[in-house]
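# Topology and contacts: notes
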Amino acid sequence: MTAMVELIGVHKSFGSLHVLRGVDLRVRQGEVTVVLGPSGSGKSTLLRTINHLEKVERGTVTVDGDLLGYRRAGDRLHELREREVLRQRTKIGFVFQSFNLFPHLTVRQNLSEAPRSAQRRPRAEVDVVVARLLDRVGLADKADAYPHTLSGGQQQRVAIARALALEPKVVLFDEPTSALDPELVGEVLEVMKDLAVSGTTMIVVTHEIGFAREVADTVVFMDAGRIVEQGPPSQVLDAPEHERTRAFISKVL
Ligand code: ADP
Ligand code: MG
């Protein structure tokens, strides 16, 4: 089966700091990939290269057949215009640690913004989609609330619903529960499990090992800009081959 997301030989540096050192990753449609690794290993940079928030220096990123940021002409790559990159990016949902909701917009407006402005879909149609998404994340009664009146867990569920509003091909999550009080983590993980079960293609950076064990098809362990090890949770979490993976997992369990 062809990959929904494919990274081949991806390198990324910030100045002299070589952050991604040749990353190869394939995520098939409907699969959940959990990315683990110590702080600074390049996990956020990896996600940001997937939706072209970071440009890669070497290698390619393909999402749903689109070469991110480029058009291929023969054996040459031409950089795409910003507008074309934005169109590619509508296929990729992104959920951040810090929610990043628009504070001056209501929940409904937060969800409607992209489908209305990026896709120019009619209001009546968008209203139906938004109502369905809010129901799905258990927040149908909060449509007219402003973000600051919601708990962190509710805000993150709004952010997940917003990420789904453009019907993305893949949703990227960067430590979606790390900023939450412990008692609010569960409600967000439940929503994510529901997405996973219903066949959403997801790449999730998290330290929630329980989630990885239960939901992931593939667990990827990153260290120092490389994928050290990857495989099903039973292999990577319970019988890691590499000493660095073992050391990391024994610390987060
Ligand atoms: P992780 O998410 O695994 O903690 P990151 O991808 O955020 O790791 O960062 C990897 C390394 O790249 C870190 O050393 C970080 O300081 C550095 N880095 C990330 N973004 C930038 C940036 N925009 N400019 C300079 N250095 C950065
Ligand atoms: Mg990070």
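In short, a report on the structure. Note on numbering: residues in each chain are counted from 1, in written sequence order. Throughout, the order in which chains and ligands are written sets their labels, letters from A for the former and numbers from 1 for the latter. Local features are withheld for residues below a pLDDT of 70 in this predicted model, meaning they are given only at 70 or higher, and side-chain atom pairs are given and counted only at 80 or more; totals for whole chains, interfaces and linings count all residues. Neither water nor hydrogens contribute to the side-chain values; these are computed over all heavy atoms in the structure.

Right, let's talk about the packing of aromatic side chains for a bit. The geometry of an aromatic ring pair comes down to the distance between the two centres and the angle between the two planes. To pair, rings of Phe, Tyr and Trp, with the six-membered ring standing in for Trp, must have centres within 6.5 Å; the planes then decide the type, stacked if under 30 degrees apart, edge-to-face if over 60, and tilted in the middle. Counted under the stated rule, the structure contains two aromatic pairs. Here, a charge over a ring means that NZ of Lys or CZ of Arg falls within 6 Å of the ring centre while also lying within 35 degrees of the ring normal. A cation over a ring is seen here: R162 above F102, with NZ or CZ 5.0 Å from the ring centre.

Let us now look at the packing of helix α3 (residues 107–117) against helix α5 (residues 152–164). For the pair α3 and α5, the least separation of the axes is 8 Å and the interaxial angle reads 25°. With respect to α5, the axis of α3 lies roughly parallel. Between α3 and α5 the crossing geometry is right-handed. Seen from α3, the contacting residues are V107, N110 and L111; seen from α5, they are V158, A161 and R162. Any residue that is not Ala, Val, Leu, Ile, Met, Phe, Trp, Tyr, Cys, Pro, Asp, Glu, Lys or Arg is counted as polar, Gly included; the first ten are nonpolar and the last four charged. Of the residues belonging to the contact of α3 with α5, the class tally is four nonpolar, one polar and one charged. For every element, the axis is a line fit to its C-alpha atoms; helices are fit only across the contacting stretch, and the angle between N-to-C directions ranges from 0 to 180 degrees. Here a helix means four or more residues in a row that DSSP labels H or I, a strand means two or more in a row labelled E, and each is numbered from the N terminus. Angles are sorted into four bins: roughly parallel if under 35 degrees, roughly antiparallel if over 145, roughly perpendicular if 65 to 115, and oblique for all others. Crossing handedness is read from the near helix: turned anticlockwise from the far helix by less than a right angle, it gives a left-handed crossing, and turned clockwise, a right-handed one. For this analysis, residues touch if any pair of their heavy atoms sits within 4.5 Å.

This paragraph deals with the sheet that holds strand β9 (residues 170–174). Ordered in space as β8-β9-β10-β3-β11-β12, the six strands form an open sheet in which the pairing is mixed. The two strands at the open ends of the sheet, each matched to only one other strand, are β8 (92–95) and β12 (226–231). Along the sheet, successive strands turn relative to each other by an average axial angle of 20°, direction set aside. Summarising the sheet, strand β3 (residues 32–36) and strand β10 (residues 202–205) pair through four bridges and their orientation is parallel. Bridge pairing links V34 to V204 in β10. Against the sheet, helix α1 (residues 43–50) makes contact with β3, β8, β9, β10 and β11 (218–223), and its axis sits at roughly 155° relative to β9, the strand it touches most. At least two bridges found by DSSP between two strands is the condition for calling them paired.

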